[in-house]
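Chain residues, written in single-letter form:
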Number of protein chains: 2
Amino acid sequence: MEERVIFTNAPGEEIDSIAGEAGATQIFVIADTNTEALCLPLLRDQSTAVATARVLTVSPGDANKNIDTATALWRALGNAGATRRSMVVNLGGGMVSDLGGFVASTFKRGMRYINVPTTLLGAVDAAVGGKTGINFGGLKNEIGVFGHPEATIVGTCFFGTLPLVELQSGYGEILKHALLSGPEALSEVLGSNVADISADTMLRLLRDSIQLKMRIVESDPTERGPRKALNFGHTVGHAFEAIAIERGTPVPHGYAVARGCVVEMILSHMQLAMPTAPLYRVAAYVKENYGAQPLSCDDYPQLMQLMRHDKKNASADAINFTLLKNPGEPVTDCTAPATDIETALDIYRDIMGA
Amino acid sequence: MEERVIFTNAPGEEIDSIAGEAGATQIFVIADTNTEALCLPLLRDQSTAVATARVLTVSPGDANKNIDTATALWRALGNAGATRRSMVVNLGGGMVSDLGGFVASTFKRGMRYINVPTTLLGAVDAAVGGKTGINFGGLKNEIGVFGHPEATIVGTCFFGTLPLVELQSGYGEILKHALLSGPEALSEVLGSNVADISADTMLRLLRDSIQLKMRIVESDPTERGPRKALNFGHTVGHAFEAIAIERGTPVPHGYAVARGCVVEMILSHMQLAMPTAPLYRVAAYVKENYGAQPLSCDDYPQLMQLMRHDKKNASADAINFTLLKNPGEPVTDCTAPATDIETALDIYRDIMGA
């Protein structure tokens with residue numbers, strides 16, 4: 001199923017036209033309190049459908065991407081008389097599109113929905129690819145489905161409201177896509193940084209990054225094969241993210257992924273003889289722009305435990321990775337013994353000064 | 001996506017072969033306390049995979065097909081180290097396959113599962129067609145997805161453990177399928193009753209009934225078009241079922257459907273000039289075998305309210321029906337004004353002595 005991604009700085013107009021085409025009888029906007037305040041007014045000006053929509057607001061933050069919030073949204077949709085011919089607009093970052101996509105995909109066995117990512121991370125990561133989900137039992141996206149948004153509308157018009165740390169986080173996923181794409185994309189991404197990137201360059205990088213992701217996703221919608229490449233950096237990254245949440249010092253997703261990419265490049269060198277030159281370039285870039293994950297060897301047992309629970313694992317014992325032979329040459333379904341992973345973490349701490 | 005339905009009286013052997021083919025690393029059986037006691041021992045004798053499986057048991061009954069039970073199952077799967085390469089066997093009636101299918105379809109965004117219906121109703125209704133779901137907010141199957149079981153294994157070997165009322169309930173769905181199929185199937189179904197049907201006849205009726213359903217489902221997997229035909233009898237039937245649950249006097253699903261078929265045949269006569277002869281034949285059969293739904297005109301407002309919430313409705317105002325021009329000639333997407341529906345309920349009460 002081909003995904004429809006529209007690049008525009010007038011997302012509201014596109015919503016009206018998609019809602020009209022689809023014969024949507026009622027529009028619901030799912031937003032968090034931030035996007036309700038900062039992004040909804042702009043969208044309302046651009047769209048009749050949004051101006052007359054019922055807005056369902058959730059508290060922001062990944063910690064609220066849980067079954068209680070999903071339950072509250074199901075209840076609100078039911079109480080408002082939503083039907084299968086209503087349509088949901090997910091206005092927010094990855095938290096909103098993951099949660100809203102899950103709620104829409106499961107309400108009455110599936111309402112239609114549109115993703116309007118308001119963050120760079122949301123645009124490049126969560127809003128494309130059909131994944132939806134909520135956190136459960138301490139694990140990220142443990143419960144969810146592969147959904148099918150009617151469309152994802154990507155633009156930079158909401159990015160002006162974002163703090164630098166959010167842009168930096170999104171750029172972490174762009175870096176990951178560049179590592180999957182090849183040396184040319186990698187050089188371009190390492191040659192810029194989000195603090196002083198031009199709007200034009202950002203839009204180009206974003207489009208390249210999303211299109212790379214779409215090519216991979218379309219070849220494998222339910223993640224049984226090549227799509228696992230997109231998991232590069234995420235086995236370790238998710239564990240970094242989870243451990244930080246547990247300690248009450250959460251790190252932005254893209255920061256955890258950028259750091260996870262470094263650890264997994266080290267593993268790639270150990271297991272697949274990936275050359276060290278790109279590893280050191282990426283490590284230096286990540287160190288400068290993202291810093292190191294605070295880490296000691298006392299954390300290893302818990303990190304290993306978290307990686308063992310990663311949903312991409314083929315079995316409960318093995319830890320699954322996508323590794324790189326070279327930038328642009330991912331190898332999926334690699335496994336690594338615990339000792340190698342711990343060695344890679346040791347080397348990471350050395351290189352990064354963690 | 002073509003569904004795999006296997007008719008056999010040795011379901012355990014099929015499970016072993018499917019689990020082997022699929023490379024399932026771990027098997028989980030979801031059962032209720034009844035099927036755990038009455039059906040699991042037989043399946044264990046037939047299947048190595050089941051004999052070594054972890055069994056997750058839920059309390060029986062539609063009232064437990066809810067988000068709390070789903071949450072408990074997600075938690076149990078997580079704690080037991082289930083992965084996407086594990087496989088779930090749903091051993092039970094419609095409650096177990098709806099719930100277990102929903103849990104498996106959403107755990108880590110989708111584990112594989114096999115349905116082994118242990119009731120006639122489960123075999124003919126819930127286990128085939130990919131629908132999964134839980135009740136929510138007082139509405140049946142309000143939350144769910146269209147899932148894809150690896151296979152559904154249908155046999156009569158578990159039916160010997162069923163009370164007559166359960167068999168009768170399943171036969172209500174067979175009656176509905178016969179009404180969609182045509183005069184010949186209808187005559188055959190009205191010519192038998194489950195109290196003294198032979199095993200051979202039952203298996204033949206069951207196979208015909210499931211195959212009719214599969215033909216319709218395959219033409220329309222997400223229920224946007226012809227599949228709505230299967231909803232015949234269910235707009236009223238679900239309302240009968242819901243009102244009975246609220247009053248603490250639940251009726252078996254197939255009883256509610258059989259009675260709903262009579263009301264919707266009356267509406268079919270009013271709106272589409274369906275002949276009265278089949279209506280009176282079916283009404284007599286339903287009256288004799290299922291009795292009438294206890295009903296007074298004081299119940300009408302609540303019934304209308306329940307029908308308005310039915311997830312098949314195109315909008316919050318209109319009530320959607322599948323009606324019949326004749327047996328075998330369903331017309332989907334009919335709507336009826338409230339006055340006609342109330343008239344049909346009046347006539348129903350007259351005919352049935354309700």
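Quick notes on the overall build of chain A
Line of reasoning, step 1. When you go through chain A residue by residue, the secondary structure sums to 15 helices and 10 strands.
Line of reasoning, step 2. Computed over the C-alpha atoms, the radius of gyration of chain A is 20 Å, within 12% of the 20 Å expected from 2.2 N^0.38 for a compact globule of 354 residues.
Line of reasoning, step 3. Along the longest, intermediate and shortest principal axes, the C-alpha atoms of chain A span 55 × 40 × 35 Å.
Line of reasoning, step 4. A total of 354 residues make up chain A; the buried ones form 61% of that total.
Line of reasoning, step 5. Within chain A, counting contacts between residues at least 6 apart in sequence, those at least 24 apart form 77% of the total.
Line of reasoning, step 6. For chain A, the exposed area adds up to about 12400 Å²; of that, 50% sits on carbon and sulfur atoms.
Line of reasoning, step 7. If you average the places of the 29 positive and of the 39 negative side-chain charges in chain A, the two averages end up 6 Å apart.

Thoughts on the interface of chain B and chain A
Line of reasoning, step 1. In this assembly, 37 residues from chain B lie in contact with 38 residues from chain A.
Line of reasoning, step 2. Buried area between chain B and chain A, summed over both chains or domains, comes out near 3300 Å², and the portion from carbon and sulfur atoms is 56%.
Line of reasoning, step 3. Across the contact surface, chain B and chain A share 2 salt bridges.
Line of reasoning, step 4. For the pair chain B and chain A, the interface holds 8 residue pairs in polar contact (both at pLDDT 80 or more).
Line of reasoning, step 5. Listing elements by their share of the side of chain B that touches chain A, those giving two or more residues are α5 (67-79), α6 (94-106) and β7 (139-143) of chain B.
Line of reasoning, step 6. Per element, the largest residue contribution to the side of chain B that touches chain A is 5 residues, and it comes from α5 of chain B.
Line of reasoning, step 7. Taken together, the residues of the side of chain B that touches chain A break down into 10 nonpolar, 16 polar and 11 charged.

Quick notes on the packing of aromatic side chains
One pair of aromatic rings is described through two measures. These are the centre distance and the angle between the planes.
Line of reasoning, step 1. The full count for this structure, using the stated rule, is 8 aromatic pairs over all chains.
Line of reasoning, step 2. Relative to Y290 of chain A, the ring of Y255 of chain A lies with its centre 4.9 Å away and its plane at 85°, an arrangement referred to as edge-to-face. Of this pair, Y255 of chain A sits in helix α12 (residues 253-272) while Y290 of chain A is found in helix α13 (residues 276-290), placing the two residues 35 residues apart along the sequence.
Line of reasoning, step 3. According to the relative accessible area criterion, Y255 of chain A is buried, its value standing at 12%.
Line of reasoning, step 4. Grouped by ring-pair contacts, the aromatic residues W74 and F102 of chain A together with F136 of chain B constitute a single cluster.
Line of reasoning, step 5. Sitting over the ring of F7 of chain A, R207 of chain A keeps its end group 4.6 Å from the ring centre.

With respect to the pattern of salt bridges
If charged atoms from side chains of opposite charge come close, those side chains can pair.
Line of reasoning, step 1. The final tally for this structure, using the stated rule, is 24 salt bridges over all chains.
Line of reasoning, step 2. With a closest N to O distance of 3.3 Å, E142 of chain A and K108 of chain B form a salt bridge. With E142 of chain A in strand β7 (residues 139-143) and K108 of chain B in the loop between α6 and β5 (112-117), the pair connects residues from two separate chains. Of the two residues examined, E142 of chain A and K108 of chain B, each falls in the buried class.

Examining the pairing of strand β4 (residues 87-92) of chain B
Residues and elements named next belong to chain B.
Line of reasoning, step 1. Buried residues dominate β4, accounting for 6 of its 6 residues.
Line of reasoning, step 2. Neither face of β4 is exposed, since M87, V89 and L91 on one face and V88, N90 and G92 on the opposite face are all buried.
Line of reasoning, step 3. The pairing of strand β2 (residues 27-32) with β4 spans 5 bridges and is parallel. Paired with A31 across the strands is L91, a residue of β4.

Considering the sheet that holds strand β1 (residues 5-7) of chain B
All names here are of chain B.
Line of reasoning, step 1. A sheet is described by the order of its strands in space; here 6 strands give the open sequence β1-β8-β5-β4-β2-β3, paired in parallel fashion. Only two strands of the sheet have a single partner each, and these edge strands are β1 and β3 (54-58). Taking the axes of each pair of neighbouring strands and ignoring which way they run, one obtains an average angle of 20° across the sheet.
Line of reasoning, step 2. Both β5 and strand β8 (residues 151-154) contribute to a ladder of 2 bridges, which runs parallel. Counted as the bridge partner of N115 is T152 from β8.

So, the side chain of T69 of chain B
All names here are of chain B.
Line of reasoning, step 1. Mapping T69 onto the fold places it in helix α5.
Line of reasoning, step 2. Judged by relative accessible area, which is 13%, T69 ranks as buried.
Line of reasoning, step 3. Within the structure, the side chain of T69 is placed 2.6 Å from the backbone oxygen of N64, a separation counted as a polar contact.
Line of reasoning, step 4. T69 has contacts with V58, N64 and L99, leaving out every residue within four places of it along the chain.

Quick notes on the environment of P183 of chain B
Residues and elements named next belong to chain B.
Line of reasoning, step 1. Of note, P183 is situated in helix α9 (residues 183-190).
Line of reasoning, step 2. For P183, a relative accessible area of 56% translates into the label exposed.
Line of reasoning, step 3. With 143 residues separating them in the primary sequence, P183 and N326 have C-alpha atoms 8.6 Å apart.

With respect to the confidence of the model for chain A
Line of reasoning, step 1. Taken as a whole, chain A shows an average pLDDT of 92; of its residues, 97% reach a score of 70 or greater.
Line of reasoning, step 2. Confidence estimates for the predicted assembly give a pTM of 0.83 and an ipTM of 0.81.

Describing the relation of the copies chain B and chain A
Line of reasoning, step 1. With an RMSD of 0.0 Å, the fit of chain B onto chain A corresponds to turning through 180° and sliding 0.1 Å along the axis. With respect to symmetry, the two chain copies, as superposed, fit the operation of a two-fold axis. For chain B, the residue whose C-alpha comes nearest the rotation axis is V145 of chain B, separated from it by 4.2 Å.
Line of reasoning, step 2. Both copies contact each other with a shared surface, as 100% of the interface residues of chain B are interface residues in chain A too.

Quick word on the sheet that holds strand β3 (residues 54-58) of chain A
All names here are of chain A.
Line of reasoning, step 1. Strand order in the open sheet formed by 6 strands is β1-β8-β5-β4-β2-β3, with parallel pairing between adjacent strands. In this open sheet, the two strands that pair with only one neighbour each are β1 (5-7) and β3. For this sheet the average axis-to-axis angle between neighbouring strands, irrespective of direction, equals 20°.
Line of reasoning, step 2. Sheet topology note: the β1/strand β8 (residues 151-154) ladder contains 3 bridges and is parallel. Residue pairing in the sheet places F7 in a bridge with V154 of β8.
Line of reasoning, step 3. On top of the sheet, helix α5 (residues 67-79) reaches β2 (27-32) and β3; it is set at about 165° to β3, its chief contact.

A few points about the packing of helix α8 (residues 164-181) of chain B against helix α13 (residues 276-290) of chain B
Residue and element names in this part refer to chain B.
Line of reasoning, step 1. With their axes 12 Å apart at the nearest point, α8 and α13 run at an angle of 175° to one another. Compared by their axis directions, α8 and α13 come out roughly antiparallel. Where α8 abuts α13, its residues Q168, S169, Y171, G172, L175 and L179 lie against V282, Y285, V286, N289 and Y290.
Line of reasoning, step 2. Class assignment for the residues of the contact of α8 with α13 results in 7 nonpolar, 4 polar and no charged.

Focus: unusual backbone geometry
All names here are of chain A.
Line of reasoning, step 1. Here R109, not a glycine, exhibits a phi torsion of approximately 60°, which is positive.
Line of reasoning, step 2. Along the chain, R109 turns up in the loop between α6 (94-106) and β5 (112-117).
Line of reasoning, step 3. In this structure R109 comes out as buried when scored by relative accessible area, which is 7%.
Line of reasoning, step 4. Positioned with a positive phi, N141 is a non-glycine residue whose angle comes to about 50°.
Line of reasoning, step 5. Along the chain, the position of N141 falls in strand β7.
Line of reasoning, step 6. Of the residues examined, N141 reaches a relative accessible area of 9% and is grouped as buried.

Procedures and definitions
- Residues numbered from 1 in each chain as written.
- Chains lettered and ligands numbered in written order.
- Predicted model: local features only at pLDDT ≥ 70, side-chain atom pairs only at ≥ 80, totals over all residues.
- Heavy atoms only, no water.
- Helix = DSSP H or I, 4+ residues; strand = E, 2+ residues; numbered from the N terminus.
- Rg over C-alpha atoms; globule rule 2.2 N^0.38 Å.
- Buried < 20%, exposed > 50% of the residue type's maximum accessible area, 1.4 Å probe, protein only.
- Contact = heavy atoms within 4.5 Å.
- Areas by Shrake-Rupley, 256 points an atom, 1.4 Å probe, with all protein chains shown as cover.
- Lys, Arg positive; Asp, Glu negative; His and termini not counted.
- Charge placed at Lys NZ, Arg CZ, Asp CG, Glu CD.
- Buried area = accessible area lost by both parts, 1.4 Å probe.
- Salt bridge = Lys/Arg side-chain N within 4 Å of Asp/Glu carboxyl O.
- Polar contact = N/O pair within 3.5 Å; in protein donor to acceptor, adjacent residues only side chain to side chain.
- Nonpolar A, V, L, I, M, F, W, Y, C, P; charged D, E, K, R; others polar.
- Phe/Tyr/Trp six-rings, centres within 6.5 Å; stacked < 30°, edge-to-face > 60°.
- Lys NZ or Arg CZ within 6 Å of the ring centre and 35° of its normal.
- Pairing = 2+ DSSP bridges.
- Axes fitted to C-alpha atoms, helices over the stretch in contact; angles between N-to-C directions.
- pLDDT = per-residue confidence, 0-100.
- Least-squares fit on C-alpha atoms with pLDDT ≥ 70 in both.
- Parallel < 35°, antiparallel > 145°, perpendicular 65-115°, else oblique.

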